[in-house]
Amino acid sequence: MTDAPQIPDPKPAATVLLVRDKPEFQVLMVKRHHQIDFASGALVFPGGKTHGGDTDERWAEHAIGWDELDLVQRTLRIGAIREAFEETGILLAQTAQGTPFEDPCDASVRSAVDAGHVAFIDVVRELGVHLRLDELAIFARWITPTMMPKRFDTWFYAMSAPAGQVAACDGRETVDAEWISPSEAIRLAAVGERTIIFPTLMNLKLLAEAESAQDCLSRARKRRLVTVLPEVSIENGERVLVIPPDAGYGPVSQPLRTLGA
C-alpha cells in the first residue's frame with residue numbers, strides 16, 4: 001500500500017489591477033524582491049494572502065459596500081486593499097467629505113502594517129476614511145495547479161487608481177513600481193526583458209482587450225466568472241497546462257517546460 005502525495009489546500013489570496021488612462025491605458029505592476037520565495041523577481045499585480053485582521057468585524061464601520069458583500073468577499077477585498085497599501089502606498093479609500101483619499105501614505109506606517117506591528121484597521125480609523133470595497137470589480141479567479149507545493153486561491157480585482165496618489169514600492173516584498181500598458185508588459189515578457197508568471201501574463205492579455213480604464217471595469221462587471229484551475233495535459237507528446245476554454249482567455253496550452261515545471 002502506498003501513500004499518495006497529499007495535495008496542499010490553496011490559501012486565500014487577493015490582488016488588485018489598478019488601472020488608469022494617463023498618458024494611455026495602463027496598469028500598475030510591481031517587481032517582486034529576488035529573495036521572496038514566490039515569484040521572486042517577477043512583475044506582478046499588487047496582492048498577497050489574506051490575514052486574520054481582514055476579517056475584523058470593526059471593518060463594518062469603515063468600509064463602503066460592506067452590507068452588499070458576504071464574508072468571503074469582504075475579507076478578500078479588504079486583503080486586496082491592504083496589500084496594495086503595503087506594497088505600493090496607495091490607499092483605496094474615501095474621505096469623510098466623500099472624495100477619494102489622495103494623501104501620501106507614510107512609509108513607516110506601511111512597514112508596521114506589513115510586519116504586523118500595527119493593525120491596518122487602526123490606520124484607516126486614524127485617517128478617518130472608508131475603504132472602497134464597492135469599487136473593486138471582480139476580474140478573475142485563479143487556483144494554483146494541484147501539482148505545485150504552494151497553492152493559492154487568488155481573486156483578481158480591477159479598480160480605477162486614485163488620480164492624486166503616487167505609487168512607491170515598499171522595498172521589502174517589492175523593489176519597483178511601474179505603470180505600464182498591458183500590451184507593452186506582454187511584449188517585454190516575450191523578449192525576455194521582464195519576468196511574468198503564467199497567471200499574470202494571461203490576465204494581462206485579457207486586460208489588453210480593453211481600450212480604457214472604464215472599458216476594463218465595464219468588461220469585468222459583465223464577464224461571467226469562470227474559476228481557472230490549470231490542469232496538465234499531453235499535446236504532441238509534451239506536457240502542457242490547459243485552462244477552461246470558457247474562461248475568457250481563448251484556447252490556451254502552455255508548455256510546462258516554459259514554466260520551469
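Basis of the calculations
- Throughout this document, residue positions are counted from 1 along each chain, in the order its sequence is written.
- Side-chain atom pairs in this predicted model are given and counted only at pLDDT of 80 or more, local residue features only at pLDDT of at least 70, and totals for whole chains, interfaces and linings cover all residues.
- Here the side-chain values reflect all heavy atoms present in the structure, with hydrogen atoms and water set aside.
- Burial classification: accessible surface area is computed with a 1.4 Å probe over protein chains only, and a residue below 20% of its type maximum counts as buried, one above 50% as exposed, and the rest as partly exposed.
- Only runs of H or I of at least four residues qualify as helices and only runs of E of at least two qualify as strands under DSSP, and these elements are numbered from the N terminus.
- A pair of strands is treated as paired once DSSP finds two or more bridges between them.
- Salt bridge criterion: a side-chain nitrogen from Lys or Arg within 4 Å of a carboxyl oxygen from Asp or Glu.
- Here an axis means a line fitted to C-alpha atoms, over the contact stretch when the element is a helix, while the angle between two N-to-C directions is reported on a 0 to 180 degree scale.
- Pairs were defined over the aromatic rings of Phe, Tyr and Trp, the Trp ring being its six-membered one, requiring ring centres within 6.5 Å. Orientation was assigned from the angle between planes: stacked under 30 degrees, edge-to-face over 60, tilted for the rest.

Engineer: In this structure, what is going on with the pairing of strand β8 (residues 137-143)? I would like to understand it.
Structural biologist: Along a regular strand, successive side chains alternate from one face of the sheet to the other. With five of its seven residues buried, β8 lies for the most part within the structure. Where β8 meets strand β9 (residues 152-160), six bridges bridge the pair, whose relative direction is antiparallel. Its bridge partner lying in β9, Ile143 is registered against Asp153.

Engineer: Looking at this structure, I do not really get the pattern of salt bridges. What am I missing?
Structural biologist: Think of it this way: side chains of opposite charge can pair up when their charged atoms draw near. Considering all chains together, one arrives at 14 salt bridges under this definition. The salt bridge involving Arg187 is made with Glu184; its shortest N-O contact spans 2.8 Å. Here Arg187 and its partner Glu184 are both found in helix α4 (residues 182-190), three residues apart, which amounts to about one turn of the helix. What emerges from the salt-bridge pattern is a single network uniting Asp54, Arg82, Glu83 and Glu86.

Engineer: In this structure, what is going on with the sheet that holds strand β6 (residues 93-94)? I would like to understand it.
Structural biologist: Sheet strands pair by backbone hydrogen bonding; their relative direction is either parallel or antiparallel. One open sheet accounts for three strands, arranged β5-β7-β6; its pairing is mixed. Since the sheet does not close on itself, it has two edges, and those belong to β5 (63-64) and β6, each with one partner.

Engineer: So what exactly am I meant to see when it comes to the environment of Ala42 here?
Structural biologist: Relative to the helices and strands, Ala42 is located in the loop between β2 (26-32) and β3 (43-44). In this structure, the C-alpha to C-alpha distance between Ala42 and Val30, residues twelve residues apart in sequence, is 8.2 Å.

Engineer: Mind showing me how you'd approach the pairing of strand β12 (residues 238-242) here?
Structural biologist: By the bridge criterion, five bridges tie strand β11 (residues 231-235) to β12 in an arrangement that is antiparallel. Bridge pairing in β12 places Glu235 opposite Glu238. What sits between β11 and β12 in their antiparallel hairpin is a turn of two residues, with Asn236 showing a positive phi close to 55 degrees. Relative to strand β13 (residues 253-255), β12 is paired through three bridges, and the arrangement is antiparallel. Looking across to β13, one finds that Val240 is bridged to Pro255.

Engineer: Which parts of the structure should I look at to understand the sheet that holds β13?
Structural biologist: Spatially, three strands are ordered β11-β12-β13 in an open sheet, and the strand pairing comes out antiparallel. Strand pairing shows two members of the sheet lacking a second neighbour, β11 and β13, which therefore form its edges. This sheet shows a mean twist of 45 degrees between the axes of neighbouring strands, independent of strand direction.

Engineer: Before we go on, may I ask you to explain the packing of aromatic side chains in this structure?
Structural biologist: The description of two aromatic rings rests on the distance between their centres and on the angle between their planes. In total, this model carries five aromatic pairs according to the counting rule given. Between the aromatic rings of Trp142 and Phe198, the centroid separation amounts to 5.6 Å while the plane-to-plane angle is 80 degrees, which identifies the pairing as edge-to-face. Residue Trp142 is found in strand β8, and its partner Phe198 is found in helix α5 (residues 198-207); the two are separated by 56 residues along the sequence. In this pair, the class of Trp142 matches that of Phe198, namely buried. Considering the side-chain rings of Trp142 and Tyr249, the 5.5 Å spacing of their centres and the 85 degrees angle between planes classify their relative orientation as edge-to-face. Linking Trp142 in strand β8 with Tyr249 in the loop between β12 and β13, this pair joins segments that are 107 residues apart in sequence. In terms of burial, Trp142 and Tyr249 fall into one category: buried. Linked through ring pairs, Trp59, Phe85 and Phe120 together constitute an aromatic cluster.

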